[in-house]
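Okay, here's what each chain looks like letter by letter:
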Amino acid sequence: MKTHPINTILQGDCIETMSSLPTGSVDLIFADPPYNLMLGGELHRPDNSRVDGVQDAWDRFESPESYVAFTNAWLKEARRVLKDDGTLWVIGSYHNIFRVGAALQDMGFWVLNDIVWRKSNPMPNFRGTRFTNAHETLIWCAKSPDARYTFNYEAMKTLNEGVQMRSDWTLPLCTGAERLKDEEGSKVHATQKPESLLYRVILSSTKAGDVVLDPFLGSGTTAAVAKRLGRRWIGIERETRYIEAATRRIDAVEPVRDVALLQAPAKRSEPRIPFGSFVEQGVLEPGTILCDASKRYTARVRADGTLLAVTARGQHSGSIHQVGAAVQGAPSCNGWTFWYLDRPDGRVPIDALRQQARAEMAHHA
């Protein structure tokens, strides 16, 4: 029976090593495969200094056909080890991402998003012959159209200041203290990804305790972020020098110990709190006046938890949502965030009552 080596770097070829993992055992795969840059020689800046680009043997393939065969082989193993409701992320540049995307779709993966990572500090085009390559593309996909995959929508919205997270992410390249250097001050890995990128990937599409696999671990960014966020991880890497650097990096990470801090529950999974329960329990008295944020509209609380409001358009009664919509002449309204309650310490949305009730329920549980 195949074993499941958790929180371990496995040294070896990614395809052969993945074949040793159990089928359907991984919740998320993040893959940063070779880009097959096919550079014709060294790249120099205008002052003739050499650009420290990708010159490693692991990025070289004999032909486009050999790269396609390699891509199909590792994706086949990735699909096997991925749980039916797990997801796969692949990152690449224009050199390879279109070949990878075609292979994913040919293999039956269902593309959920293509994410543009817009680099806020890209390397310029020194020759001045093309536009500056200022982004890379991530493809996020499930195993099938009906997969019940994880997407932490509320967490992403909160990270984005309460607005839906878009598919274009502006994040800086890996620089400064985060960039791993060797004894001579050179980069340990030419394509080290920033932790902020992996933080968003892992937080968006896994839960605490999930297993995250990186079949091209490199400098260890995926494992370091997974450990920090309380996820279990498996890394596969061929090069000893990368494994040594990644091991030191991962060992230095202090994970968040309190699971409750790692992820807020999705709103739909939180217990339902009827507004009327606050009247039943005496938190609000019948006749309490609610208002909107600007105090343009007011409504009175009735004994059954409905509201009564009077505007130039007439009298409106119903739930907090119905009356909120009616006074605005809007088709719908979230009454929890529309209506406010005046308190001695200031005006607060009535949603504060709901959050307090949920916190008390969680404490007693």
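As the structure is a prediction and not an experimental result, all values here were calculated from the model.

Enquirer: Would you mind going over the pairing of strand β6 (residues 168-171) with me for this structure?
Expert: Regular strands have side chains that alternate between both faces of the sheet. The alternating pattern of β6 places Trp169 and Leu171 on a buried face, while none of Asp168 and Thr170, on the opposite face, is buried. Where strand β4 (residues 110-119) and β6 come together, four bridges link them in parallel fashion. The residue of β6 that forms the bridge with tryptophan 117 is tryptophan 169.

Enquirer: Help me understand the side chain of lysine 119, please; the structure alone is not making it clear to me.
Expert: Within the fold, lysine 119 resides in strand β4. Overall, the relative accessible area of 12% leaves lysine 119 in the buried class. Non-local contacts of lysine 119, meaning those with residues more than four positions away in its chain, are made with Ala134, His135, Glu136, Leu171 and Leu173.

Enquirer: Help me understand the packing of aromatic side chains, please; the structure alone is not making it clear to me.
Expert: For any pair of aromatic rings, geometry is given as the distance between the ring centres together with the angle between the planes. For the structure shown, the criterion picks out 13 aromatic pairs. Taking 6.1 Å as the distance between ring centres and 45° as the angle between the ring planes, the aromatic pair formed by tyrosine 67 and phenylalanine 70 counts as tilted. In this pair, tyrosine 67 and phenylalanine 70 are both assigned in helix α2 (residues 64-81), three residues apart and thus about one turn of the helix distant. Residues tyrosine 67 and phenylalanine 70 agree in their burial class; the two are buried. On the basis of an interplanar angle of 70° and a centroid distance of 6.0 Å, the ring pair of phenylalanine 275 and tryptophan 336 is categorised as edge-to-face. Placement of the pair is phenylalanine 275 in the loop between α7 (240-251) and α8 (276-280) and tryptophan 336 in helix α10 (residues 335-338), with a sequence separation of 61 residues. For the pair phenylalanine 275 and tryptophan 336, a shared accessibility class is recorded, and that class is buried. Taken together, the ring pairs connect Trp89, Trp140, Tyr149, Phe151, Tyr153 and Trp169 into an aromatic cluster.

Enquirer: Honestly, the pairing of strand β7 (residues 211-214) in this entry has me stumped. Any pointers?
Expert: Side chains Val211 and Leu213 project from β7 onto one buried face, and the interleaved Val212 and Asp214 project onto a second face that is buried too. Inspection of the sheet shows strand β2 (residues 26-31) paired to β7 by two bridges, in the parallel sense. Opposite isoleucine 29, over in β7, you have leucine 213 as the bridge partner. Between β7 and its parallel partner strand β8 (residues 232-237), the chain crosses via helix α6 (residues 221-228), and the hand of that crossover is right-handed.

Enquirer: Whenever I open this one, the sheet that holds strand β5 (residues 135-142) confuses me. Can you help?
Expert: Strand pairing in a sheet is mediated by backbone hydrogen bonds. Such pairs are either parallel or antiparallel. The strand order across the open sheet formed by eight strands is β1-β8-β7-β2-β3-β5-β4-β6, and the pairing between neighbours is mixed. Each end of this open sheet is capped by a strand with a single partner; those strands are β1 (8-11) and β6. Strand after strand, the sheet turns through a mean of 20° between neighbouring axes, direction not considered. On the sheet, helix α3 (residues 97-106) packs against β3 (82-92), β4 and β5 and is oriented at approximately 165° with respect to β3. α7 rests against β1 and β8 of the sheet, and its axis sits at about 175° to β1.

Enquirer: Sorry if this is basic, but what is going on with the sheet that holds strand β12 (residues 314-318) here?
Expert: Spatial ordering of the open sheet is given by β12-β11-β10-β9-β13-β14, a layout of six strands whose pairing is antiparallel. Two strands close off the open sheet at either side, each with one partner strand: β12 and β14 (346-349). Going from strand to strand, the sheet's axes swing by 35° on average, the running direction of each strand aside. Bridging between strand β10 (residues 298-301) and strand β11 (residues 307-311) involves two bridges; their strand directions are antiparallel. By the bridge assignment for β11, arginine 300 is matched with leucine 308.

Criteria and thresholds
Residues numbered from 1 in each chain as written. Predicted model: local features only at pLDDT ≥ 70, side-chain atom pairs only at ≥ 80, totals over all residues. Heavy atoms only, no water. Buried < 20%, exposed > 50% of the residue type's maximum accessible area, 1.4 Å probe, protein only. Helix = DSSP H or I, 4+ residues; strand = E, 2+ residues; numbered from the N terminus. Pairing = 2+ DSSP bridges. Contact = heavy atoms within 4.5 Å. Phe/Tyr/Trp six-rings, centres within 6.5 Å; stacked < 30°, edge-to-face > 60°. Right-handed = clockwise from strand over helix to strand, strands pointing away. Axes fitted to C-alpha atoms, helices over the stretch in contact; angles between N-to-C directions.

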